[in-house]
Structures are given as C-alpha cells and as structure tokens.
Amino acid sequence: MARPQAALAGLMQQRQLAEAPLSGMAYAFLLLFLFLAISRILDFTVSSLHLPLILAVLTASLTIVSNGIAGAFSTTVGKLIGLFTLWCIICVPFSQWKGGSFNVLTDEIIRSFLVFVMVSTAINTVTRIQGLMAIMGSGIVVTMLIALIGNHRVDGRLTMSAGQYSNPNDLAQIMLLGMCFLPILGTWLNNSSLKWLTYLMMVPFLYTIFITGSRGALIGAVLLGCFAVAFASAGVRVLLIVLFPALVGGLLAASPTARLRLDSLIHSSQVTEMGTSEDKAISSTSERLRTLQQSIELTVKNPIFGVGPGVFQSAAADLQRADGQRASWIETHNAYTQVSSETGIPGAIFFCSAVLVSLRELFRIRKRTRKLPQLAKLQDTATLLLLGFVTFAVTSFFSSVAYGFIFWSLFGLCAASISTIRFELACATSPVPRAISLPKFDTPAPPVTPQPTTRVTLSGKMKPSRNHSPGVHNSFRG
C-alpha cells in the first residue's frame, strides 16, 4: 500500500504545482518560446527583437520561482543530462581551442541545458505534455510552409536560405519530428476531426523530406513507417501496409533528388562525370565516411576530455593537413561521434546513456498503457512521443545536433513524461486507500464529572468507597 500512496501523494503535489498561477504563466511562455524557436518564423521577420531570448529568460525565471529545479534531476535522464553538462564544462580548459569551446558552451550547451530544465519542470500533467507536443508539431508545420514557399535549393535540395535549417539534413530531420508530434493536436483539443486532418498532413511532410534529399531522413521515414505498422491496430495496420509503400513509391517517382541520393548509397563507388549531380551525391557519401573515420580517430587519441566542445572541425583539419590533404572543414554529421570526439568517452557515455534510458522508459510506459483501454489518450501520447524520440535519435546518426536545443527539449519532455505518466498509471492501476476517520484532537474533550461510587460491606449494606479514582467503580472492594 506504500507505493500507491506515494504515487498518489506525488501526483497531488504535481497537480498543485500545475494549478499555481506562476506555473501556468511559465508553461504559457514556454509554449510560445518553443513555437517561435522551432518555427524560425522570426528569422525572416523581426529577428532583431530577440523575442525567443526574452521569452526564454521569462520562462526560466518563472519556472525556477514556481517549481524550482530539483524536479529536473529527479529522474535518471535528468541526472545524466546534468552530468553531461558538467562534463562539458570540465572539458573546456583541456580543449585544443579554449576560446571556441567556451563560445560553444555559453551559446549552445548552457542555453540548451536551460531549455531542458524549463521543459522538465514546467511539464507536470499529461495535458501539458500533449500541449507541448502539439505546439512543437504546429511550429514545424510553419517551418515546412516557409521552406516550400521560399523554395530555396542547393544542388537541387530544398533548404532554408538562412537560420537553423539552412542544412537540408536538419530541415528533413525536423520534418520527421513534426510527423510524429502533430497528430497529438487532435487529442489535446479533444477533436477527432482535427486528429484525422493532422494524419493527412503526413503527405506534405513526406514530400518535403523527399525533396530535401536527406538520406538519413529517408531511412528515418522508413523506420517510422515500420514502427507505425507495428503499433497500429489490426485494421489500420492493413491499411498502412497497402498505402505506405504506394505513397513512398509515388514520392520517389516525383522527386529525382531523392532517387539520386538514395541510389548513391548503393552505388557509391561508381565513376561519374565531375560536377554532375551524381558526382556530388557520391562525393558527399565519401566525405561522410571520411568524417566518421576522423571522429573515431580523434576519440581514440583524446579518450578522456576529447578535443573540446565544438572543436571537431579544427582538429579534423589538423589531421588532414598532417596527412598532406586539403582541410574540408565540415561537421561530424553524427551527433554521437560529435560528442565522443569533442568531450571524450565519459561525455559519450553520459549522452548516449541519456538516449538509451529515455528509449527504454518510453517503451516500458507504452507497454503498460496498452493494457489499460480506459487510458486511450494516455496511450496515444506515449506512442507518439516514443515515435518522435526514436526517429530523432536515429536520424541524429546523420546530423550534428548533440548540443541543439531541440534534442535537449526532447530529453526534458521524456524526463517529465516518465515521471508524470508513471503517476497516472499508478493512480489507474492501484486501489485508492479508503479514508479512515480519525478523532479531531484540536477539539477539547468535555470535562469528566466524578461519579460517586459505593462498596458492599460484609453485612450487605452499601457504603461510599474510600481512596477511589474519579469515574472508576470499586463496588467489590471490601
């Protein structure tokens, strides 16, 4: 009975925090901040106002004042993220370029850490989890519209002309996340028609991914389709098995860029004419493999502190010059070898453990919610969050996003969801203890009036008893 009582007490405490005025304001500012930061709409309008920074400061202040920061580290994921941040700070003095590492620490890592704290502490109910996922998905829809309307191409690949998504791989990766999070909008607003409309948005999402030509995102899309088929009900599963291959085939036929770059994964060693699209796709594959080898080599040479946060490009350029090659100055395009080469093996252990623990706990939560038909909305939330985190973690093998705020927002969302959904499951599966009536000790008891007592003598007469306590009958004392 102790565990259910503890779970109920924890849930009551979380709901009390959620009802606090400052907590509600912090949550509202957090939603607005994430929408603006993810959609990047301000990059093309009023970027000089620095609204995301102002909102981030307001959100962090209100969150810390209302909820504190202890809740951010109450889960294993939170502890691992805290250790990774601390290790990044320790690595800066040992960096090969201390100034560059310090800038990355202050401009990216510390800011992402604050986003993690804000998300993991402000999200303390299932409704708030759904709201945050819905806002992130809606922001990604805005990103998709900006990209399609702008139609900026580099070597035939769709990208943004400026800002965070100027790399086609990063743009494709965020589209995958939008595919997973947007359907929760109908659940959050309790509108089934809106939910089916968000499912129809999968077609423009997939089209945008295909014309970016990101091979990592194409692999992620196939993986997402496999998970969707595995998690769906029997009837929906048959529909997905029929429609998904047809949809993918149709989009591949409509996108020469996607066909070309997917073909380069298979025929990476063929000879092509210099300067053609085929040559660029194949050379891109070769560069990725060479960069992967360099990141592993730097990890082996600097196993403890790495080369320093954000210093991979400089360190890799030194390796290439030492071998008589021209420096390419490109990123790792792999979040995990980015961490291992720049923060050493300890940093890689903390970061990769946070990813694995998040995946393990999300799988466990979804497995438990499947057994409770009365918690259908909770199951949808756990499933979509799991799909989003899985696809982002997998596509991070092809993108340098280890220090980006989106990955850390997902860590915070996972940490908050793990604790919150656990409490909800405990309430749904554990019997509520019956209330026990206890005396109220703050009400004074009425005064006790001593009652006269008597005793029976040997002769049979009744006489008052001696040396008796008030209210105690000693009738048979002789």
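Before any of the text, the structure's been laid out above.
Report follows, based on the coordinates. Residue positions are given per chain, counting from 1 as you read along its sequence in written order. Under the rules for a predicted model, residues below a pLDDT of 70 receive no local features and side-chain atom pairs below 80 are neither given nor counted, while totals for whole chains, interfaces and linings still include all residues. Only hydrogens and water are removed before side-chain values are computed, so all heavy atoms of the structure are retained for them.

Considering the overall build of the protein
Turning to step 1, where the next piece is worked out: Helix numbering and strand numbering both begin at the N terminus, where a helix is a DSSP run of H or I of at least 4 residues and a strand a DSSP run of E of at least 2. Each helix and strand counted, the protein has 18 helices and four strands in total.
Turning to step 2, where the next piece is worked out: The cut-offs for exposure are 20% and 50% of the maximum accessible area for each residue type, with area from a 1.4 Å probe on protein chains only; residues under the lower value are buried, those over the upper are exposed, and the others partly exposed. Within the protein, the proportion of its 478 residues that are buried is 47%.
Turning to step 3, where the next piece is worked out: Residues are treated as being in contact if the distance between any of their heavy atoms lies within 4.5 Å. Pairs at least 24 residues apart make up 72% of the contacts formed inside the protein by residues separated by at least 6 positions.
Turning to step 4, where the next piece is worked out: Element-wise, carbon and sulfur atoms account for 65% of the exposed surface of the protein, whose accessible area totals about 23,600 Å². A 1.4 Å probe and the Shrake-Rupley method give the accessible areas. Residues count as covered only by the protein chains that appear here.

Digging into the environment of F227
Turning to step 1, where the next piece is worked out: Residue placement: F227 occurs in helix α11 (residues 215-231).
Turning to step 2, where the next piece is worked out: On a C-alpha basis, the gap between F227 and L386 in space is 9.8 Å, while along the polypeptide they are 159 residues apart.
Turning to step 3, where the next piece is worked out: If we ignore the near neighbours within four places in the chain, the residues touching F227 are F363, L387 and V390.

A look at the packing of helix α9 (residues 192-200) against helix α10 (residues 202-212)
Turning to step 1, where the next piece is worked out: Lines are fitted to the C-alpha atoms to define the axes, a helix being fitted only along its stretch in contact, and any angle between axes, read from their N-to-C directions, falls within 0 to 180 degrees. Where α9 meets α10, the closest approach of the two axes is 4 Å, and the angle between their N-to-C directions is 25°. When the interaxial angle is binned, α9 and α10 end up roughly parallel. Here α9 contributes T198, Y199 and L200 to the contact with α10, which in turn contributes M202, V203 and P204.
Turning to step 2, where the next piece is worked out: Charged residues are taken to be Asp, Glu, Lys and Arg, nonpolar residues to be Ala, Val, Leu, Ile, Met, Phe, Trp, Tyr, Cys and Pro, and polar residues to be all remaining types, Gly included. Residues belonging to the contact of α9 with α10 are distributed by class as follows: five nonpolar, one polar and no charged. Here roughly perpendicular refers to angles of 65 to 115 degrees, roughly parallel to angles under 35, roughly antiparallel to angles over 145, and oblique to all remaining angles.

A look at the side chain of T121
Turning to step 1, where the next piece is worked out: In this structure, T121 sits in helix α5 (residues 98-122).
Turning to step 2, where the next piece is worked out: A polar atom in the side chain of T121 sits 2.6 Å from the backbone oxygen of V117. Under the rule applied, a polar contact is a pair of N or O atoms within 3.5 Å (in protein, one hydrogen donor and one hydrogen acceptor; residues adjacent in sequence only if both atoms are side-chain atoms).

Observations concerning the nonpolar core
Turning to step 1, where the next piece is worked out: Only buried Ala, Val, Leu, Ile, Met, Phe, Trp, Tyr and Cys residues count toward a nonpolar core, and they belong to the same one when joined by side-chain atoms within 4.5 Å. Within the largest apolar cluster, 105 residues are counted, with the highest numbers of intra-cluster contacts made by F389, F407 and F411.
Turning to step 2, where the next piece is worked out: Tallying contributions element by element places helix α18 (residues 405-429) first for this core, with 13 residues.
Turning to step 3, where the next piece is worked out: Excluding residues that lie within four positions of it along the chain, F407 makes contacts with Y336, F351, V355, F389, F392, A393, S396 and V401.
Turning to step 4, where the next piece is worked out: Core analysis: the second largest hydrophobic core is formed by seven residues, L298, V311, A315 and L319 among them.

Notes on the packing of aromatic side chains
Turning to step 1, where the next piece is worked out: Ring geometry is summarised as follows: Phe, Tyr and Trp rings, the Trp one being its six-membered ring, pair when their centres sit within 6.5 Å, and such pairs are stacked at plane angles under 30 degrees, edge-to-face over 60 and tilted between the two. Applying the stated criterion across every chain, the model contains 16 aromatic pairs.
Turning to step 2, where the next piece is worked out: Ring centres of F407 and F411 lie 5.0 Å apart, and the angle between their planes is 5°; this geometry places the pair in the stacked category. One end of the pair, F407, and the other, F411, are both in helix α18, four residues apart, so they sit about a helical turn from each other.
Turning to step 3, where the next piece is worked out: You can call F407 buried: its relative accessible area is 1%.
Turning to step 4, where the next piece is worked out: Through a chain of ring-to-ring contacts, three or more aromatic side chains come together here, namely F84, Y336, F351, F389, F392, F397, F407, W408 and F411.

Quick notes on the environment of I81
Turning to step 1, where the next piece is worked out: Its location among the elements puts I81 in helix α4 (residues 76-91).
Turning to step 2, where the next piece is worked out: Setting aside chain neighbours within four positions, we find I81 in contact with F113, F116, A354, W408 and F411.

Here we look at the pattern of salt bridges
Turning to step 1, where the next piece is worked out: Salt bridge, as used here, is a side-chain nitrogen of Lys or Arg placed within 4 Å of a carboxyl oxygen of Asp or Glu. Under the criterion given, the structure shown has five salt bridges.
Turning to step 2, where the next piece is worked out: Between K195 and D380 there is a salt bridge, with its nearest N and O atoms 3.0 Å apart. Here K195 is found in helix α9, whereas its partner D380 is found in helix α17 (residues 376-395), with 185 residues between them in sequence.
Turning to step 3, where the next piece is worked out: Bridged by salt links that share partners, the residues R360, E361 and R364 form one connected network.

Focus: the environment of L86
Turning to step 1, where the next piece is worked out: Its location among the elements puts L86 in helix α4.
Turning to step 2, where the next piece is worked out: C-alpha of L86 to C-alpha of G347: the two residues are 261 residues apart in sequence and 9.4 Å apart in space.

What to know about a positive patch on the surface
Turning to step 1, where the next piece is worked out: Residues with no salt bridge and a relative accessible area higher than 30% make up the patches, which join like charges within 9 Å and nonpolar side chains (Val, Leu, Ile, Met, Phe, Trp, Tyr) within 5 Å. Only four residue types enter the charge count, namely Lys and Arg as positive and Asp and Glu as negative; His and the chain termini do not. Every charge is mapped onto a representative atom, which is NZ of Lys, CZ of Arg, CG of Asp or CD of Glu. A surface patch of positive charge is lined by R237, K367, R368, R370 and K371.
Turning to step 2, where the next piece is worked out: Summarising the element assignment, R370 is placed in the loop between α16 (335-369) and α17.

So, α11
Turning to step 1, where the next piece is worked out: Between the first and last C-alpha of α11 there are 24 Å, a value that for 17 residues agrees with the 24 Å anticipated at 1.5 Å per step.
Turning to step 2, where the next piece is worked out: The set of residues buried in α11 consists of R215, G216, A217, L218, G220, A221, L224, G225 and V229.
Turning to step 3, where the next piece is worked out: By the N-cap criterion, in which a side-chain oxygen at the helix start approaches the backbone nitrogen of a residue two or three places on, α11 is capped by S214, the distance to A217 being 3.2 Å. For a helix, the expected span equals 1.5 Å multiplied by the residue count minus one.

A short note on unusual backbone geometry
Turning to step 1, where the next piece is worked out: With a phi angle near 50°, N151 is a residue other than glycine that sits in the positive phi range.
Turning to step 2, where the next piece is worked out: When you line up the elements, N151 lands in the loop between α6 (126-150) and β1 (152-154).
Turning to step 3, where the next piece is worked out: Of note in the backbone geometry, H333 takes a positive phi value of approximately 55° without being a glycine.
Turning to step 4, where the next piece is worked out: With respect to the helices and strands, H333 occurs in the loop between α15 (312-322) and α16.

Quick notes on the packing of α6 against α17
Turning to step 1, where the next piece is worked out: Close contact between α6 and α17 brings their axes to 11 Å; oriented N to C, the two are set at 45°. The orientation of α6 relative to α17 falls into the category oblique. Crossing angle aside, the handedness with which α6 passes α17 is left-handed. Residues V126, I129, Q130 and M133 of α6 touch α17, and the partners they reach there are K377, L378, T381, L384 and L385. With the far helix as reference, a near helix turned anticlockwise by less than a right angle produces a left-handed crossing, and one turned clockwise produces a right-handed crossing.

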